[in-house]
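# Architecture and fold: a report
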Amino acid sequence: MNILVIGGAGYIGSHVVKALLQHGDSVTVYDNLSTGCRENVFPECGFIEADILDERRLRAAMLTNGRPVDAVIHLAALKAAGESMLEPERYAEHNIAGTIKILNAMTGADVPRLVFSSSAAVYGEPRYLPIDEAHPTEPTNFYGATKLEIEHLLRWYSHLRELRYAALRYFNAAGYDPDGEIRGLERNPANLLPIIMEVAIGKRSNLQVFGDDYDTADGTGVRDYVHVTDLATAHVTALERIAEHNTDLVLNLGTECGVSVREMYELARTVAERTIPVEVAPRRAGDPAKLVASSAAAREVLGWQPRYSDPETLIRTAWRAYAASGAKSASK
Ligand code: WQD
């Protein structure tokens, strides 16, 4: 297929592009490089440096040689949950208004299908675990609310315009390309594993553990970490599925295994052979004690089986990318 990957230079996007290329698809990356890296755009891809708020560029990107692309994969978004509570206008503009522009450019050009990066943040405080797709959706941060709003729009565009979609609700994406080919790292990461890695390479002095008095086995927060390459594979399969079955999908992508903050940094110490100093800090507002996905639906519908999402592989692949970047900056 001819696929336009919006946000394809970003952390998850670049891994999705790699999976599509391996699958034999033709890919054009559309990215404003605000958080993405030029070096993560594979040379065999077309590249459009533009913003999703730019309707003219979006409309042009929907066509290759005058014909509509076969699908769009949309991963371009602001994604820091804490920041979304302080800057709702920016999140509304980029995430919601930006997606509306994408949808309208798609229907205007008769692009028939979309894979959309949604999030476990649509659920909010868990009522039960593991969280399945039928769990109530009551986001506790504005970031999650923007993703839910877009899922509602997708339902309407599917109904009114026959736009077929897959909304993939990621749990905690982590790890790096196991082949070591994707090297551009996230700038100013706010998530646990990249922060641990930045401590390991000496870019930060310590890891702040946000609370060690939760009702969990070791008192630290528990999350469902899923390898970014496993996420990427799910995009390829989800796209095939909606194309072949002319259907829509809303699926969790997680591993059904909970890993604590403490388990993560202790394993990282072993893998990286670095001290990784930690300091216990107060709980972060809005953090639930434990979040674990049910991925039964992705397993059944897509035959999806995470391959790289065990904590050791997550950390090894991340460490490989970060150790290489540490060596690069040390040699400058
Ligand atoms: C993981 C655990 C923290 C940083 C976020 C978004 C969510 C989704 C995934 C995109 C928690 C603890 C973290 C640190 C810490 N994003 N932690 N010290 O909050 O589960 O989910 O990313 O869709 O919408 O909210 O991920 O990586 O920030 O935190 O102790 O410096 O690590 O308290 O228990 P989170 P995270």
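### A word on the overall build of the protein chain
Scanning the protein chain from terminus to terminus reveals ten helices and 15 strands. Here the protein chain has a C-alpha radius of gyration of 19 Å; the compact-globule value for 332 residues is 20 Å, and the two agree. For the protein chain, the spread of C-alpha atoms along the principal axes amounts to about 55 × 50 × 40 Å. Counting across all 332 residues of the protein chain, residues that qualify as buried make up 52%. The contacts of the protein chain with a sequence gap of at least 6 include a subset with a gap of at least 24, amounting to 76%. Summed over all atoms, the accessible surface of the protein chain reaches about 14900 Å², with 47% contributed by carbon and sulfur.

### A word on the site of the ligand
Near the ligand lie 19 residues; those nearest to it are Y143, Q208, R223, R284 and D287. Taking Y143, its side chain carries an N or O atom lying 2.7 Å from an oxygen atom of the ligand. Between R284 and the ligand, the recorded distance is 2.7 Å, taken from a side-chain N or O atom to an oxygen atom. Only α6 (192-200) and β10 (207-210) provide two or more residues apiece to the shell around the ligand. Of all the elements, β10 adds the most residues to the shell around the ligand, at four residues. Tallied by class, the residues present in the shell around the ligand amount to eleven nonpolar, five polar and three charged. Of the residues that make up the shell around the ligand, three or more belong to each of domain 1 (2-174 + 226-253) and domain 2 (192-223 + 256-331).

### As for the sheet that holds strand β7 (residues 113-119)
Backbone hydrogen bonds are what pair the strands of a sheet, in a parallel or an antiparallel way. Taken in spatial order, the seven strands make up an open sheet running β3-β2-β1-β6-β7-β8-β13, and their pairing is parallel. Edge positions in the open sheet fall to β3 (46-49) and β13 (249-253), since each of these has one partner strand only. In this sheet, neighbouring strand axes are inclined to one another by 20° on average, regardless of whether the strands run parallel or antiparallel. Taken together, the seven bridges between β7 and strand β8 (residues 164-170) define a ladder with parallel strand orientation.

### Focus on unusual backbone geometry
Going from L129 to P130, the amide bond is cis rather than trans, its omega being -10°. Secondary-structure assignment places P130 in the loop between β7 and α5 (142-161). The backbone phi angle of E273 is positive, close to 55°, even though this residue is not glycine. Within the secondary structure, E273 is located in the loop between α8 (261-272) and β15 (278-281). Look at E273 and you get exposed, because its relative accessible area is 69%. Unlike most non-glycine residues, I276 shows phi in positive territory, near 55°.

### Thoughts on the side chain of T317
In this fold, T317 is placed in helix α10 (residues 311-330). Looking at T317, the relative accessible area reads 8%, which means it is buried. If sequence neighbours within four positions are ignored, T317 has contacts with G175, Y176, P178 and H227.

### Things to note about the domain arrangement of the protein chain
Structurally, the protein chain comprises domain 1 (2-174 + 226-253) and domain 2 (192-223 + 256-331). For domain 1 versus domain 2, the distance between C-alpha centres works out to 24 Å. The partner domain 2 presents 23 residues to the 26 residues of domain 1 that form the contact. Carbon and sulfur atoms supply 68% of the area buried between domain 1 and domain 2, which totals about 1900 Å² over both sides. Of all residues in domain 1, H227, D230 and L251 bury the most surface against domain 2, accounting for 25% of the area lost on that side. Counting across the interface, domain 1 meets domain 2 through zero salt bridges. Where domain 1 packs against domain 2, one counts nine residue pairs in polar contact (both at pLDDT 80 or more). For the side of domain 1 that touches domain 2, the secondary structure elements donating two or more residues are β9 (172-174), β12 (225-227), α7 (228-245) and β13. Counting residues per element, the side of domain 1 that touches domain 2 draws most heavily on α7, which supplies seven residues.

### A closer look at helix α4 (residues 88-109)
Taking 1.5 Å as the rise per residue, α4 with 22 residues should run 32 Å; its terminal C-alpha atoms sit 30 Å apart, in good agreement. Burial in α4 covers these residues: Y91, N95, I96, G98, T99, I102, L103, A105, M106 and A109. Looking at the residues trailing α4, positive phi occurs at D110, about 60°.

### So, the packing of helix α1 (residues 11-23) against α7
Between α1 and α7, the shortest axis-to-axis distance is 8 Å and the interhelical angle comes to 55°. In this view, α1 runs oblique relative to α7, as classed from their interaxial angle. Handedness of the α1/α7 crossing: right-handed. Touching Y11, I12, H15, V16, A19, L20 and H23 of α1 are V228, T229, L231, A232, T233, H235, V236 and E240, all from α7.

The rules we used
Residues numbered from 1 in each chain as written. Predicted model: local features only at pLDDT ≥ 70, side-chain atom pairs only at ≥ 80, totals over all residues. Heavy atoms only, no water. Helix = DSSP H or I, 4+ residues; strand = E, 2+ residues; numbered from the N terminus. Rg over C-alpha atoms; globule rule 2.2 N^0.38 Å. Buried < 20%, exposed > 50% of the residue type's maximum accessible area, 1.4 Å probe, protein only. Contact = heavy atoms within 4.5 Å. Areas by Shrake-Rupley, 256 points an atom, 1.4 Å probe, with all protein chains shown as cover. Near = heavy atom within 4 Å. Polar contact = N/O pair within 3.5 Å; in protein donor to acceptor, adjacent residues only side chain to side chain. Nonpolar A, V, L, I, M, F, W, Y, C, P; charged D, E, K, R; others polar. Domains from an automatic or database assignment. Pairing = 2+ DSSP bridges. Axes fitted to C-alpha atoms, helices over the stretch in contact; angles between N-to-C directions. Buried area = accessible area lost by both parts, 1.4 Å probe. Salt bridge = Lys/Arg side-chain N within 4 Å of Asp/Glu carboxyl O. Expected span 1.5 Å × (residues − 1). Parallel < 35°, antiparallel > 145°, perpendicular 65-115°, else oblique. Left-handed = near helix turned anticlockwise from the far one by under 90°.

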